[in-house]
Amino acid sequence: MSHNPVRPWRDIYRRKSRQIMVGNVPVGGDAPIAVQTMTNTLTTDVAATVAQVQAAAEAGADIVRVSVPDEASSKALKEIVRESPVPIVADIHFHYRRGIEAAEAGAACLRINPGNIGDEKRVKEVIKAARDHNCSIRIGVNAGSLEKHLLEKYGEPCPEAMVESGLEHIRILQDNDFHEFKISVKASDVFLSAAAYQGIAEATDAPIHLGITEAGGLVSGTIKSAIGLGNLLWMGIGDTIRVSLSADPVEEVKVGFEILKSLGLRHRGVNIISCPSCARQGFDVIKTVEALEHRLEHIKTPMSLSIIGCVVNGPGEALMTDVGFTGGGAGSGMVYLAGKASHKMSNDQMIDHIVEQVEKKAAELDSAAEAAE
């Protein structure tokens, strides 16, 4: 739960769910909401896939998913798992044998799509492989691949059909005494996804994997995901998320963290609060923020930085941030530290100076955290 007794209007009460393990990452219960992404390299290109996994992990991904479409990919998966710094989820479609092979290769979790994995007998074989190799399972219901009998029953993909699909496959896992599973009910339509997730959240205590599938490009997909996932997270629904973008997986991780940070559900790196800029600005706000976002990517310590172009809102925003800079006149602005005006700095030197101040503050916070342990 995100809880603030001073500002109760910020409270988010997370839905109570069981906790499972995806490798060494807890999902559900009171665990932090895990951020995921998926590689888009050929899985058989081990070097490229491992490099992408490592880049995603460096950006903050807790879990990375890898597609396993054929036997050659199953063989490559074993090496990818061995070199990965985070748990690997194997994405399985159509061929149940790939699920068995992925479990044997060391995948931490198997993502199976009920609509295309095969009959109940084949699903049972995948369950056995998962149990034998200490592997969890994600039931991945997708509006675009619902089972034929559900489409005939409901006429089209709808929340009720998606929930029913998920519950049917939960039953199969539970009937086989397998409980290390999570579930997703994704659609590319925000309304359909939100309604399906609300339905499944009420129907089971399984951990929930949130996502708006095939959301689109970097800008449109980010907006669609922020609306859909943000509202569900605000309701307390969701234990792990993946933002699906037609973009670099690192961008998915960044967007996922920004969504969680905006709701106070995860804290990682520098949260930059900046104005959109206008004729009052005392320096080029847009270029400054772009430069700082790049220069501060290496900071993992949760902290805040305000970059405001003028004194209308600058001092007030700086009161709430660890480091701040507010534009003034005559080519300089005011640096704020811990919410208080500290000293002036010329605009032409401020970026280097702000980076220095942020790094210094991050080191202080890290030392304090270590001392408290």
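Here's what I pulled together on the structure shown here. (Residues numbered from 1 in each chain as written. Predicted model: local features only at pLDDT ≥ 70, side-chain atom pairs only at ≥ 80, totals over all residues. Heavy atoms only, no water.)

## Some thoughts on the environment of C158
Okay, so step 1: Tracing the sequence through the fold places C158 in the loop between α5 (148-154) and α6 (159-175).
Okay, so step 2: With 124 residues separating them in the primary sequence, C158 and G282 have C-alpha atoms 52 Å apart. (Helix = DSSP H or I, 4+ residues; strand = E, 2+ residues; numbered from the N terminus.)

## So, unusual backbone geometry
Glycine aside, negative phi is the norm for most residues, and most peptide bonds take the trans geometry.
Okay, so step 1: Phi at N134 is positive, roughly 55°, even though this residue is not glycine.
Okay, so step 2: On the accessibility criterion, N134 (73% relative accessible area) is exposed.
Okay, so step 3: Although it is not a glycine, E214 adopts a positive phi angle of roughly 45°.
Okay, so step 4: Following the sequence through the fold, E214 ends up in the loop between β9 (209-210) and α8 (218-234).
Okay, so step 5: A residue is classified by how much of its surface remains accessible, and E214, at 60% relative accessible area, is exposed. (Buried < 20%, exposed > 50% of the residue type's maximum accessible area, 1.4 Å probe, protein only.)

## Observations regarding the sheet that holds strand β5 (residues 88-92)
Okay, so step 1: With parallel pairing, 8 strands are arranged side by side in an open sheet as β8-β7-β6-β5-β4-β3-β10-β9. Whereas interior strands pair on both sides, the edge strands pair on one side only; in this sheet they are β8 (181-186) and β9.
Okay, so step 2: Pairing between β9 and strand β10 (residues 240-242): 2 bridges, direction parallel. Along β10, the bridge assignment pairs H209 with T240. (Pairing = 2+ DSSP bridges.)

## Overview of the side chain of T326
Okay, so step 1: Mapped onto the elements, T326 comes out in strand β13 (residues 323-327).
Okay, so step 2: Under the relative-accessibility criterion, T326 is labelled buried at 2%.
Okay, so step 3: Leave out the neighbours within four places in its chain, and T326 touches F283, I308, C310, V311, G314, P315, G333, M334 and Y336. (Contact = heavy atoms within 4.5 Å.)

## Things to note about helix α7 (residues 190-203)
It helps to recall that an α-helix has 3.6 residues per turn; residues three or four apart then point in one direction.
Okay, so step 1: Taking 1.5 Å as the rise per residue, α7 with 14 residues should run 20 Å; its terminal C-alpha atoms sit 20 Å apart, in good agreement.
Okay, so step 2: Taken together, the buried positions of α7 are occupied by V190, L192, S193, A194, A196, Y197, I200 and A201.
Okay, so step 3: In this fold, the buried residues of α7 make contact with α6, β8, β9 and α8.
Okay, so step 4: A side-chain oxygen of the first residue of α7 lies 3.0 Å from the backbone nitrogen of F191; this N-cap is D189. (Expected span 1.5 Å × (residues − 1). Polar contact = N/O pair within 3.5 Å; in protein donor to acceptor, adjacent residues only side chain to side chain.)

## A word on the environment of E252
Okay, so step 1: Looking at where E252 falls in the secondary structure, it is placed in helix α9 (residues 249-262).
Okay, so step 2: Spatially, the C-alpha atoms of E252 and S193 are 18 Å apart, while their sequence positions differ by 59 residues.
Okay, so step 3: What E252 contacts, discounting residues up to four positions off in sequence, is T37, M38, R242, V243, S244 and L245.

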